[in-house]
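Residue-level structural notes
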Amino acid sequence: MKLSVALCTYNGEKYIKEQIDSILNQTLKIDEIVICDDRSTDSTISILEEYAIHNPNIFKIHINEENLRSVKNFEKAIKLCDGDIIFLSDQDDIWVDKKVADYVSYFKNNPSIDVLASNGFCIDENSEIHEKYAIWDVPEILKNKEVKFNYYNLITNISNIATGASMAIRSSLKEKIFPFPVLKDFHHDEWIAIISSKLNSFEILNEKYFYYRLHSNQQVGGVFFDKTNERKEMLYKIFDIHGNEASFKHLKKRLKKIDAAYKRNARLYKTDNIYKEWFKENLIIIETSHKRNSKIMKLKYPFKKFLLFLTDKILNKRQFKSIH
């Protein structure tokens, strides 16, 4: 089994060494690291070339002719990988040294799984660990509360719970996920998670296999929360969209997520992709969910619901607009 890493870089000189070292120091060795650089203007390229000198059979460096941005850069990097299993990598994280070995073992033992993601640690700009709850804790939180769910509904009807920094995919999935759609605030990892979860071939492990870095220049944030019972309860109440026992605050956040999910599915439905009918079906389901949760809020908190309606109308927030 050949193992590849698809690594995308752009002005990553500050942290790229830590990430590459963690990949090279895996207990199960990688066969190739395919790097697509998106026109870096710092020392990223020279750093990569130095690694390539010492690892000529592993590093394959491609410098884009034009800036592709993250989504299309990852599409290119994944296409260029020859491995049976392809690990996606950001430029500023760090991998746990047994990540590759454990992922490969999981793939071998679970032939129906095409995409594997995991939980992860929170680190800062100095690589110091911070104890936080993460969006990746949601599946385990729901399981512990005995809430039934499936990944596809969580991801499409509420919010994405997987990150590309933790993903590995089977090469056989390539033909099903390309091309990646290019939409504002929509990323390749969510697309991969949507397709694979709909095909019942997605799994997210609760064990932490990488260190996700928080810093001022990162492209995607908002994945970590204070490690308090209040925050844990918030995640549970937001993602348990069929639950009736929720405070006004939780219902408000839940409706915001549902509204965003509807708009996201509407945009995906309008794009040129072979999965349009999936997103059309999602729109009907999400609209029903929105009506149900709005009704719960109105019955439990009529006055607060009325005030929220007025302020949201003025601020154009939570304005659910059906496309039917």
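The present account deals with the structure reproduced in this document.

This next bit is on unusual backbone geometry. In the segment running from phenylalanine 178 into proline 179, the intervening peptide bond is cis, with an omega of -5°. With a phi angle near 70°, arginine 39 is a residue other than glycine that sits in the positive phi range. As for its placement among the helices and strands, arginine 39 is situated in the loop between strand E2 (32–37) and helix H2 (44–54). For arginine 39, a relative accessible area of 41% puts it in the partly exposed group. With phi around 60°, glutamate 146 is a residue other than glycine that occupies positive phi space. Mapped onto the secondary structure, glutamate 146 falls in the loop between helix H5 (138–144) and helix H6 (151–157). According to the relative accessible area criterion, glutamate 146 is exposed, its value standing at 73%.

Attention shifts here to the pairing of strand E1 (residues 3–9). Burial analysis of E1 places seven of its seven residues in the buried class, the great majority of the element. Taking every second residue as pointing to the same face, both faces of E1 are buried, with Leu3, Val5, Leu7 and Thr9 on one and Ser4, Ala6 and Cys8 on the other. When E1 meets E2, the two strands line up parallel, connected through six bridges. When the bridges of E2 are listed, threonine 9 appears paired with aspartate 37. This β-α-β element, E1 to helix H1 (residues 16–24) to E2, shows right-handed connectivity.

Turning our attention to the packing of aromatic side chains. Applying the stated criterion to the full structure yields 19 aromatic pairs. Ring centres of phenylalanine 149 and tyrosine 151 lie 5.8 Å apart, and the angle between their planes is 70°; this geometry places the pair in the edge-to-face category. Taking the relative accessible area as the measure of exposure, phenylalanine 149 reaches 26% and is therefore partly exposed. Tyrosine 151 gets classed as buried once you look at its relative accessible area, which sits at 12%. An aromatic cluster of at least three residues, connected via ring pairs, comprises Tyr152, Phe186, Trp191, Tyr275, Trp278 and Phe279. Over the face of the ring belonging to tyrosine 103 we find lysine 99, whose NZ or CZ atom lies 5.5 Å from the ring centre. Directly above the aromatic system of tryptophan 278 lies the positively charged group of lysine 198, at a separation of 5.6 Å from the ring centroid.

Quick notes on the rules
Residues numbered from 1 in each chain as written. Predicted model: local features only at pLDDT ≥ 70, side-chain atom pairs only at ≥ 80, totals over all residues. Heavy atoms only, no water. Helix = DSSP H or I, 4+ residues; strand = E, 2+ residues; numbered from the N terminus. Buried < 20%, exposed > 50% of the residue type's maximum accessible area, 1.4 Å probe, protein only. Pairing = 2+ DSSP bridges. Right-handed = clockwise from strand over helix to strand, strands pointing away. Phe/Tyr/Trp six-rings, centres within 6.5 Å; stacked < 30°, edge-to-face > 60°. Lys NZ or Arg CZ within 6 Å of the ring centre and 35° of its normal.

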